[in-house]
Amino acid sequence: MMKEENLKKSFEPLSELFYSRNALTLAKEVLGKYIIRNYNNELLIVRIVETEAYHEIGDPACHAFNGKTERNSVMFESPGMLYVYFTYGMHYCMNLVAEPAGTAAAVLIRAAEPVCGISTMKKLRTKKSKQGSAKTLFDEDIASGPAKLCQGLAITNQQNGANVKDFSKSEIYLAQKINAPKILISEIIETTRVGIKKGTELPWRFYLKDSICVSRI
DNA sequence: ACTGCGATGTCCT
DNA sequence: GGACATCGCAGTT
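Values in this document were obtained by computation on a predicted structure and should not be read as measured data.

Our next topic: the pattern of salt bridges. With the rule as written, the count across this model stands at ten salt bridges. Residue Arg205 is joined to Glu50 by a salt bridge in which the shortest nitrogen-to-oxygen separation is 2.9 Å. One end of the pair, Arg205, is in strand β9 (residues 205-208); the other, Glu50, is in strand β3 (residues 42-55), and 155 residues separate them in sequence. In this structure, Arg205 and Glu50 share a single accessibility class: buried. A salt bridge links Asp141 to Arg216, with the nearest nitrogen and oxygen atoms 2.3 Å apart.

Before going further, it helps to spend a moment on the nonpolar core. Proteins that are soluble and globular tend to have nonpolar side chains buried together. Counting residues in each nonpolar core, the largest one holds 47 residues, and the members touching the most others are Ile35, Met94, Leu96, Ile109, Leu149 and Leu174. The contact partners of Leu149, leaving out residues within four places of it in the chain, are Ile35, Val46, Met94, Ile109, Ala112, Ile142 and Ala143. Membership of the second largest hydrophobic core comes to 15 residues, among which are Cys62, Ala64, Phe76 and Tyr85.

Let's shift gears to the side chain of His55. When you line up the elements, His55 lands in strand β3. Overall, His55 belongs to the buried group, its relative accessible area being 14%. At a separation of 3.0 Å, a polar atom in the side chain of His55 contacts the main-chain amide nitrogen of Ile57. A polar atom in the side chain of His55 sits 3.2 Å from the side chain of Glu99. Aside from chain neighbours lying at most four places away, what touches His55 is Cys62, Glu99, Thr103, Ala104, Ala105 and Trp204.

Parameters and conventions
Residues numbered from 1 in each chain as written. Chains lettered and ligands numbered in written order. Predicted model: local features only at pLDDT ≥ 70, side-chain atom pairs only at ≥ 80, totals over all residues. Heavy atoms only, no water. Salt bridge = Lys/Arg side-chain N within 4 Å of Asp/Glu carboxyl O. Helix = DSSP H or I, 4+ residues; strand = E, 2+ residues; numbered from the N terminus. Buried < 20%, exposed > 50% of the residue type's maximum accessible area, 1.4 Å probe, protein only. Core = buried A, V, L, I, M, F, W, Y, C linked by side-chain atoms within 4.5 Å. Contact = heavy atoms within 4.5 Å. Polar contact = N/O pair within 3.5 Å; in protein donor to acceptor, adjacent residues only side chain to side chain.

And the structure:
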């Protein structure tokens with residue numbers, strides 16, 4: 001397991017300016033960045049490989065398309081906050097709030113590649129219902145979808161409104177690896193969003209071309 | 001490989 | 001009361 005000391009040498013936080021850009025830019029820039037989750041004093045780390053942008057303007061699939069409600073209010077707050085919502089009666093999905101406060105825009109994290117804490121993430125993903133069915137969960141399927149990602153990182157509505165810019169105190173934050181090679185435009189696939197019924201024509205989904213951890217829908 | 005569907009709670013009309 | 005930014009299982013080709 002990675003020590004906190006070493007972690008701080010290899011990762012660095014991202015500024016408010018990083019998050020305050022428009023959702024489409026943020027959705028691309030966030031590819032290759034890391035989610036670091038402090039879960040019961042263990043660090044769970046994943047590398048983001050797939051995202052989607054949502055915006056209150058011109059996007060009927062956005063939760064804030066019809067204005068502010070109790071559920072979506074975090075989307076209107078400061079960039080770099082976490083918007084977590086509950087859906088289909090059993091799943092959570094997490095978004096990074098983009099753009100300046102007052103504008104509702106967010107980036108859904110759809111898939112990520114496990115980096116650290118793999119056995120714990122697998123337990124979080126499988127400790128459900130039936131024992132006995134010992135179907136093997138492959139590493140690439142730990143977080144190959146937005147609800148899988150939240151389940152693997154133990155993210156629920158308790159993390160709604162968390163500040164992912166807080167590198168030291170928050171139990172979840174985003175970071176970039178120091179000296180990591182920059183993601184090239186040629187490595188990013190831009191395409192239409194999935195799992196929605198409205199706004200399906202907008203090419204607001206992005207993923208890393210060579211990743212085996214993207215959602216397969 | 002693909003297709004259909006059940007689970008299940010909260011939001012919003 | 002319907003919709004829902006999903007997933008995993010069961011059944012079929």
